Amino acid sequence: MRERFIERLEHYHHNHPQESTPLCYLNFVKSHPNPFSQGLKVGHITASAWLVNQQGSHVLLTHHKRLNIWVQLGGHIDDDEEVLAAALREAQEESGILEIYPLSSEIFDLDIHLIPERKKGNIIEAAHHHYDARFAFKVGQSEQFKVSEESHQLAWVEIEKLTDYSQELSMLRMRDKWLKGSKVKQI
């Protein structure tokens, strides 16, 4: 799984040489035998979904409870789960929409962001980084969603009006990639 993911990262870097994140991401993955493990104290790989409607004009965002910001759907990778499969599972779990299809097996975007320290019961979880791999998906017939316990709210946001919900640089980068027509290879 790790070697296939390294290939995906190298392909992404080849297609997006202007971005600095792929090199940092690659160094992290190559430096840790299991970069997917949540037990890795410095951080771990996560998987997210840029989930668009049938027309490709709107993206489904979550107002994340813990982070209190609007972001794409996504989360942690389960043991021995492939990254694309994890992104799909997270999108389905967080939206309640089961009919979701990957637009490509290639990475749509990469981001590295700091998750702040938090208390989980009697344990303090140290601040750590999420090395987030984002994939592009499209819904099937139904756009009806259900808000999960991880979200305050979900919303179909017009991609061209994304700044009404988020000023996060990585969100704007995904918007721009989508609007320009991403270089991801269609399935």
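Residues numbered from 1 in each chain as written. Predicted model: local features only at pLDDT ≥ 70, side-chain atom pairs only at ≥ 80, totals over all residues. Heavy atoms only, no water.

Some thoughts on the overall build of the chain
Part 1: For the chain, the helix and strand inventory stands at four helices and nine strands.
Part 2: Overall, the chain shows an N-to-C arrangement of helices and strands of α-α-β-β-β-α-β-β-β-β-β-β-α.
Part 3: Its C-alpha radius of gyration of 16 Å places the chain within 12% of the 16 Å reference for a compact globule of 187 residues.
Part 4: Looking at the 187 residues of the chain, the share that counts as buried comes to 48%.
Part 5: When contacts within the chain are restricted to residue pairs at least 6 apart in sequence, those whose partners lie at least 24 apart make up 69%.
Part 6: Put simply, the chain shows about 9700 Å² of open surface, and 50% of that area lies on carbon and sulfur atoms.
Part 7: Considering the chain, the positive charge centre built from 21 side chains and the negative charge centre built from 27 side chains are found 2 Å apart. (Helix = DSSP H or I, 4+ residues; strand = E, 2+ residues; numbered from the N terminus. Rg over C-alpha atoms; globule rule 2.2 N^0.38 Å. Buried < 20%, exposed > 50% of the residue type's maximum accessible area, 1.4 Å probe, protein only. Contact = heavy atoms within 4.5 Å. Areas by Shrake-Rupley, 256 points an atom, 1.4 Å probe, with all protein chains shown as cover. Lys, Arg positive; Asp, Glu negative; His and termini not counted. Charge placed at Lys NZ, Arg CZ, Asp CG, Glu CD.)

Side note on the pattern of salt bridges
Part 1: With the rule as written, the count across this model stands at 19 salt bridges.
Part 2: Two residues, Arg2 and Glu3, come together in a salt bridge whose shortest N-O distance is 3.4 Å.
Part 3: Close ionic contact of Arg66 with Glu125 constitutes a salt bridge, the shortest N to O distance being 3.4 Å. Here Arg66 is found in the loop between strand S2 (58–64) and strand S3 (70–76), whereas its partner Glu125 is found in strand S7 (residues 123–125), with 59 residues between them in sequence.
Part 4: Of the residues examined, Arg66 reaches a relative accessible area of 32% and is grouped as partly exposed.
Part 5: Judged by relative accessible area, Glu125 falls into the partly exposed class, the value being 21%.
Part 6: Through salt bridges with shared partners, a single network forms among Glu19, Asp109, Asp111, Asp132, Arg134, Arg173 and Lys177. (Salt bridge = Lys/Arg side-chain N within 4 Å of Asp/Glu carboxyl O.)

Topic: helix H1 (residues 2–15)
Three- or four-residue spacings in an α-helix give side chains the same orientation, since the helix completes a turn every 3.6 residues.
Part 1: The terminal C-alpha atoms of H1 lie 20 Å apart, and with 14 residues this matches the ideal 20 Å at 1.5 Å per residue to within 8%.
Part 2: If you check which residues of H1 are buried, you get Phe5, Ile6, Arg8, Leu9, Tyr12 and Asn15.
Part 3: Next to the buried residues of H1 lie helix H2 (21–31), strand S1 (43–52), helix H3 (83–95), strand S5 (109–115), strand S8 (128–139) and helix H4 (169–180). (Expected span 1.5 Å × (residues − 1).)

Some remarks on the packing of aromatic side chains
Remark: the centre distance and the inter-plane angle together describe each pair of aromatic rings, the angle taken between the planes.
Part 1: Taken as a whole and judged by the stated rule, the model has seven aromatic pairs.
Part 2: Aromatic side chains Trp70 and Tyr165 sit 5.0 Å apart centroid to centroid with 90 degrees between the ring planes, which places their arrangement in the edge-to-face category. Here Trp70 is found in strand S3, whereas its partner Tyr165 is found in the loop between strand S9 (151–158) and H4, with 95 residues between them in sequence.
Part 3: Between Phe108 and Trp178 the ring centres are 6.3 Å apart and the planes differ by 75 degrees, which places this aromatic pair in the edge-to-face class. Residue Phe108 is located in the loop between strand S4 (100–102) and S5, and its partner Trp178 is located in helix H4; the two are separated by 70 residues in the primary sequence.
Part 4: The structure contains a cluster of three or more aromatic residues connected by ring pairs, namely Phe5, Tyr25, Phe28, Phe36 and Tyr131. (Phe/Tyr/Trp six-rings, centres within 6.5 Å; stacked < 30°, edge-to-face > 60°.)

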